[in-house]
Amino acid sequence: MSGHTENEIVIAAPLGLVWDTTNDIENWPDLFSEYASVEVLSREGATTTFRLTMHPDENGTVWSWVSARTTDEAARTVRAHRVETGPFAHMHIHWEYAETPDGTLMKWTQDFAMKPDAPVDDAWMTGNINRNSRVQMALIRDKIEQAARERNTASVLPN
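Colleague: Go over the sheet that holds strand β1 (residues 3–11), please, and point to the residues and values.
Modeller: Strand pairing in a sheet relies on backbone hydrogen bonds. The paired strands run either parallel or antiparallel. An order of β1-β7-β6-β5-β4-β3-β2 is seen for the seven strands of this open sheet, with the pairing classed as antiparallel. Of all the strands in the sheet, the pair left with one neighbour each is β1 and β2 (35–44). Adjacent strand axes in the sheet meet at a mean angle of 20° when their direction is disregarded. Pairing of strand β4 (residues 64–72) with strand β5 (residues 77–82) involves six bridges; the strand directions are antiparallel. From the neighbouring strand, T70 faces β5, where its bridge partner is R79. Strand contacts of helix α1 (residues 15–22): β1, β4, β5, β6 (88–100) and β7 (103–114), with the helix running at about 155° to β6, the strand carrying the most contacts.

Written out as structure tokens, the structure is:
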């Protein structure tokens, strides 16, 4: 068995702002509520390899892993996978961005499988990822929409 999630949100902001903000990996601890830190390990072309560290969970455990993320700005897509898989047998992530009449559609798809000795199974992780993706997407939407409003206000202020 394996897990699969798809979550999307429309952000009332230009595609370029959404793309730039969500692909600024070094700023993820300010964008996502779950990440305590990010350390970029290498950059090769459009691929960035980095370590993400989460805030401690309810048991005080700090989860950390290395991922590789490749952006395709022309196609407005991102593909990522865990290099250090931890409890996952594999984790593949695909982000897509598209302009809509209401702003920018951002879609996250995750395909994964848990290792047999993982503390949770694929079904549990699917529910967890779906719940958390919705929370994180809403936070990201709110932050980017606020930034877009601030940009619009600044551009109409007299000099």
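Colleague: So what about the side chain of Q136? Which residues, and what values?
Modeller: Counting through the fold element by element, Q136 comes out in helix α3 (residues 122–156). Residue contacts for Q136: discarding those within four places in its chain leaves F32, S33, E34 and W108.

Colleague: Hey, could you go over the nonpolar core for me, with residue numbers and the actual values?
Modeller: Residues I11, W28, F32, Y97, M106 and I140 are the most contacted members of the largest nonpolar core, which totals 26 residues. Those elements giving two or more residues to this core turn out to be β1, α1, α2 (28–31), β2, β3 (47–54), β6, β7 and α3. Filtering out sequence-adjacent residues up to four positions away, I140 remains in contact with I11, T22, L31, F32, M106 and W108. In terms of nonpolar packing, the next biggest core, distinct from the first, is built from seven residues, F88, M114, A118 and I129 among them.

Colleague: Just give me the short version of the layout of surface pockets, but keep the residues and values in it.
Modeller: Of the pockets and cavities examined, the largest pocket occupies roughly 1100 Å³. What lines the largest pocket is a set of 38 residues, and nearest its centre among them are E34, M54, W65, R82 and N128. When contributions to the lining of the largest pocket are tallied by element, the ones reaching two or more residues are β3, β4, β5, β6, β7 and α3. The element contributing the most residues to the lining of the largest pocket is α3, with seven residues. Grouping the constituent residues of the lining of the largest pocket by class yields 22 nonpolar, eleven polar and five charged.

Colleague: Outline the packing of aromatic side chains, supporting the account with residue identities and numerical values.
Modeller: Within a pair of aromatic rings, the relevant descriptors are the distance that separates the centres and the angle that separates the planes. What the rule picks out here adds up to eleven aromatic pairs. For the pair W95 and W108, a centre-to-centre distance of 4.7 Å together with 15° between the ring planes defines the contact as stacked. Of this pair, W95 sits in strand β6 while W108 sits in strand β7, placing them 13 residues apart in sequence. We note that W95, like W108, is buried. Here the aromatic cluster, defined as three or more aromatic residues joined through ring pairs, consists of W19, W28, F32, Y35, F50, W65, W95, Y97 and W108. In this structure, R69 is placed above the aromatic ring of W95, and the distance from its NZ or CZ to the ring centre is 4.2 Å.

Parameters at a glance
- The residue count restarts for each chain, going from 1 along the sequence in the order it is written.
- Thresholds applied to this predicted model are a pLDDT of at least 70 for local features of residues and 80 or more for the giving and counting of side-chain atom pairs; totals over whole chains, interfaces and linings are not thresholded and use all residues.
- Heavy atoms from the whole structure form the basis of all side-chain values; hydrogens and water molecules are not counted.
- In this scheme, strands are said to pair when DSSP sees at least two bridges between them.
- For the purposes of this entry, the term helix denotes a DSSP run of H or I that reaches at least four residues, the term strand denotes a run of E that reaches at least two, and both are numbered from the N terminus.
- Lines fitted to C-alpha atoms define the axes here, with helix axes fitted over just the stretch in contact, and angles between the N-to-C directions of these axes take values from 0 to 180 degrees.
- What makes two residues a contact is simply this: any of their non-hydrogen atoms within 4.5 Å.
- Here, nonpolar core means buried Ala, Val, Leu, Ile, Met, Phe, Trp, Tyr and Cys residues that are tied together by side-chain atoms lying within 4.5 Å of each other.
- Exposure classes here rest on a 1.4 Å probe applied to the protein chains alone. A residue is buried below 20% of its type maximum, exposed above 50%, and partly exposed in between.
- A 1.4 Å probe that fits but cannot get out identifies a cavity on a 1 Å grid over protein atoms alone, an open set with protein on both sides within 12 Å along at least five of seven lines counts as a pocket, and a residue lines either if it has an atom within 4 Å of a point.
- Grid points are joined across faces, edges and corners, and a volume is the space filled by probe spheres set on the points.
- Each residue receives one of three labels: charged for Asp, Glu, Lys and Arg, nonpolar for Ala, Val, Leu, Ile, Met, Phe, Trp, Tyr, Cys and Pro, and polar for the others, Gly being one of them.
- Pairs were defined over the aromatic rings of Phe, Tyr and Trp, the Trp ring being its six-membered one, requiring ring centres within 6.5 Å. Orientation was assigned from the angle between planes: stacked under 30 degrees, edge-to-face over 60, tilted for the rest.
- We call a charge positioned above a ring when the Lys NZ or Arg CZ atom is no farther than 6 Å from the ring centre and deviates by at most 35 degrees from the ring normal.

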